[in-house]
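# Chains, contacts and geometry: an overview
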Amino acid sequence: MQIFEEEIEKIHIVQPILHRDYKALAAEAESLVESAGALCAGVTYVEVREVNPATFIGSGKLEKLRELLHDLPVTVLFNGELSPSQTLNISAALEGRKVIDRTTLILDIFARNAKSGEGKLQVELAQLKYIYPRLKGKGEALSRLGGGIGTRGPGETKLETDRRRIRSRIAALENRLLDLEQRRKLIQVRREKQSARTISLIGYTNTGKSTLLNLLTDADVYAENRLFATLDTTTRKLTIDGSEFLLTDTVGFLRELPHSLISAFHSTLESALQCDLLLIVCDAQSDYEMQLQTTLETLQELGCKVPYLIVMNKCEAVTDFEGYPRDALFVSAKYNRGIDSLKSAILQFFSDRLTVVQLFVPYRDMSAYSAMKAYADELEVVYKETGLRVKARVPRMYLHKFRPFFTDAAESE
Ligand SMILES: Nc1nc2c(ncn2[C@@H]2O[C@H](COP(=O)(O)OP(=O)(O)OP(=O)(O)O)[C@@H](O)[C@H]2O)c(=O)[nH]1
Ligand SMILES: [Mg+2]
C-alpha cells in the first residue's frame, strides 16, 4: 500500500484569484490533476492584484506558501501560464520543489492519452515547442522545467540533451506531421468525391461526445469521467432510416486552453471540422453556458463556419427546460433518451440542405461534369442533340459547382 502511495505524485494547486470563477477553475484543475494520474493534496487561493513579472504572485505570498508546504512532498501546480523565469523563481522560493503550470499539466495528460501514432507525434511536438524556449540554463534549472507529472512525455533524460538536438527533433516531427496531414487531405478529397455526408461531435471535454458516438454507431470508443479521455479522432458510419453519414468524434475543448495546444491539434481538428454539420455537445448538468461559449469561441479562432446543432446531453434528470438555448436538442446518451429526435433533426438538416436543379451539360463538357456528378443525385437524364438535360438533387453547399450548367429554369427552391 505504502509503495503505491509513494508512486502517485501529490499536487498542491495554487489558484490565482484573477476571475470571478476562480473556484470553478480550481475544481477543474483538480479534475485535470486526476486525469494526469496524480493526486490533489490541497488548494491555496492567492489574491493577485497585479501580476508580478518575476514571481507572478509576489514574494510575500510566496513566503507564506513556502511555510505552508515546508516538508510536504508535493509538486506545485500553478493554475495559469508561467513564463520560464517565473517558474524558476517560484521553484527557487519554494525550496527548489517542482513547479508546473497549467499548460505543462495539460500537455502531460495529452501525452498519457494520445493513442494513435499521429496523436503521439503531435503531443511530443507541442511539448518540445513549449519546453524549447524555456531551456535557458542547464542542469538543475533544466530538470526542474522538464517534463510534467512523473516522467512521461519527452521525459527528463531526453530533455537533458542540448537545444540543437531538440531543434532537429522538432524539425523532423514537423516534417512527419506534414506528411501525415497531406495524406489525410487526400483522404478528405476522396471522401468529398464520394459525397459522403459528414457530421462531427465537438464540444467541451467530458460532456459525453464519445458516449454519444458509441450509442449512435454501436462503436466502442473509450468514454470515461475524465477530462481529455479522447485525443484521437474516430470516424464511424451512422445510418438513419437508410441514409448514411460519417460521424466523427474528436478531442474536447477546455476554457483557456493554451494556444500552443490548439495549434498542436489544429490539423487533427481541422479534418474533423471539415464536415457538413457539427453537433456541439454540452453537459446540461454542468456549466453549459460556459461550455457553449468556449466551444463557439474556439471554433471562431479555428476559422470554422460549419453549421451546427446544439445537443444538451445528460438530460435524464432535467425537469425544467427553461433557460437552455433555444433550438437545443435534449438527450441522454448514457440512458438512451431523446436520440430519435436527434436523429430526425439530423435528417431534417440534410434534407433542408438539398435543392433540385435543372442542368444542361453540352457533350463537350462531359468530363468536367462527370467530376462533379458525385455530388448530385440525378433524378432524370435526357439525351439531346448537343448535350444532356439533367434534373438533379444537389446539396446547397455544392450548388456553385453546378452553376455553369444551370438552364433558365435553373434552381427550384
Ligand atoms: N449522467 C450522465 N452521464 C453521462 C451521459 N453521457 C455521458 N455521460 C458520462 O460522462 C462522462 C464523460 O463521457 P465521455 O463520452 O467520455 O465524454 P467526452 O465528451 O467524450 O469527453 P472527452 O473525450 O474527455 O472530451 C462519462 O463518465 C460518461 O459515462 C448522460 O447522458 N448522463
Ligand atoms: Mg471523448
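Located above this text is the structure these notes cover.
The structure reproduced in this document is the subject of the present report. (Residues numbered from 1 in each chain as written. Chains lettered and ligands numbered in written order. Predicted model: local features only at pLDDT ≥ 70, side-chain atom pairs only at ≥ 80, totals over all residues. Heavy atoms only, no water.)

### Considerations on the packing of helix 10 (residues 209-217) against helix 14 (residues 339-352)
Following both chains from N to C, one finds helix 10 and helix 14 inclined at 85°, their axes separated by 12 Å at the closest point. Comparing their axes, helix 14 and helix 10 come out roughly perpendicular. Packed against helix 10, whose contacting residues are Leu-212, Leu-215 and Leu-216, the element helix 14 presents Ile-339, Leu-342 and Lys-343 at the interface. For the contact of helix 10 with helix 14, the class distribution of residues is five nonpolar, no polar and one charged. (Axes fitted to C-alpha atoms, helices over the stretch in contact; angles between N-to-C directions. Helix = DSSP H or I, 4+ residues; strand = E, 2+ residues; numbered from the N terminus. Parallel < 35°, antiparallel > 145°, perpendicular 65-115°, else oblique. Contact = heavy atoms within 4.5 Å. Nonpolar A, V, L, I, M, F, W, Y, C, P; charged D, E, K, R; others polar.)

### Notes on the packing of helix 5 (residues 102-113) against helix 6 (residues 117-131)
The geometry of helix 5 relative to helix 6 is characterised by a closest axis approach of 9 Å and an angle of 155° between their N-to-C directions. The pairing of helix 5 with helix 6 is recorded here as roughly antiparallel in orientation. Note on packing geometry: the crossing formed by helix 5 with helix 6 is left-handed. Contact residues: Thr-103, Thr-104, Leu-107, Asp-108, Phe-110 and Ala-111 in helix 5; Val-123, Ala-126, Gln-127 and Tyr-130 in helix 6. When its residues are assigned to classes, the contact of helix 5 with helix 6 shows six nonpolar, three polar and one charged. (Left-handed = near helix turned anticlockwise from the far one by under 90°.)

### Here we look at the sheet that holds strand 3 (residues 75-78)
Across the sheet, which stays open at both edges, the four strands sit in the order 2-1-3-4 with parallel pairing between neighbours. Among the strands making up the open sheet, the edge pair consists of strand 2 (39-47) and strand 4 (99-101). Going from strand to strand, the sheet's axes swing by 25° on average, the running direction of each strand aside. Here strand 3 runs beside strand 4; their pairing, made up of three bridges, is parallel. Bridge pairing in strand 4 places Phe-78 opposite Asp-101. The sheet contacts of helix 2 (residues 22-35) involve strand 1 (10-17), strand 2 and strand 3, and relative to strand 1 the element is tilted by about 160°. Strand contacts of helix 5: strand 3 and strand 4, with the helix running at about 80° to strand 4, the strand carrying the most contacts. (Pairing = 2+ DSSP bridges.)

### A closer look at the sheet that holds strand 6 (residues 234-240)
Pairing in this open sheet of six strands is mixed, and the strands run 6-7-5-8-9-10 from one edge to the other. Where the open sheet ends on each side, the last strands, each with one partner, are strand 6 and strand 10 (329-330). Direction of pairing for strand 5 (residues 197-203) relative to strand 7 (residues 243-249): parallel, over a ladder of five bridges. In the strand pairing of strand 7, Thr-198 is matched with Leu-246. Its contacts with the sheet place helix 14 against strand 5, strand 6, strand 7, strand 8 (277-283), strand 9 (308-313) and strand 10, and it is angled at close to 150° to strand 8.

### Some details on unusual backbone geometry
In most cases, non-glycine residues show a negative phi, while peptide bonds are predominantly trans. Even without being glycine, Asp-71 reaches a positive phi, approximately 75°. With a phi close to 55°, Asn-336 is a non-glycine residue in the positive phi region. As for its placement among the helices and strands, Asn-336 is situated in the loop between strand 10 and helix 14.

### Some details on the pairing of strand 6
For strand 6 and strand 7, the ladder comprises seven bridges, and the chain directions are antiparallel. For Thr-234, the partnering residue across the bridge sits in strand 7 and is Asp-249. The hairpin formed by strand 6 and strand 7 contains two residues between the paired strands, and Asp-241 there has a positive phi angle of roughly 45°.

### Considering the pattern of salt bridges
A complete count under the given rule lists 10 salt bridges for this structure. Glu-9 is paired through a salt bridge with Lys-98; the nearest N and O atoms lie 3.2 Å apart. A residue pair is termed long-range when its members are at least 10 positions apart, and Glu-9 in the loop between helix 1 (2-7) and strand 1 and Lys-98 in the loop between helix 4 (84-93) and strand 4 qualify at 89 residues. Here Lys-98 falls in the buried class, since its relative accessible area comes to 19%. Residues Asp-179 and Arg-176 are paired through a salt bridge, measuring 3.9 Å at the closest nitrogen-oxygen approach. With Asp-179 and Arg-176 both in helix 9 (residues 163-193) and three residues apart, this pair spans about one turn of that helix. Salt bridges sharing partners connect three or more residues here, namely Asp-21, Glu-28 and Arg-255. (Salt bridge = Lys/Arg side-chain N within 4 Å of Asp/Glu carboxyl O. Buried < 20%, exposed > 50% of the residue type's maximum accessible area, 1.4 Å probe, protein only.)

### Overview of the packing of aromatic side chains
Under the definition given, this model contains eight aromatic pairs. Note on Tyr-324 and Phe-330: the rings are 5.3 Å apart at their centroids and 80° apart in plane angle, and the pair reads as edge-to-face. In this structure Phe-330 comes out as partly exposed when scored by relative accessible area, which is 27%. Through a chain of ring-to-ring contacts, the aromatic side chains of Tyr-288, Phe-321, Tyr-324 and Phe-330 assemble into a single cluster. Its guanidinium or amino end placed over the ring of Tyr-45, Lys-23 lies 6.0 Å from that ring's centre, counting from NZ or CZ. (Phe/Tyr/Trp six-rings, centres within 6.5 Å; stacked < 30°, edge-to-face > 60°. Lys NZ or Arg CZ within 6 Å of the ring centre and 35° of its normal.)

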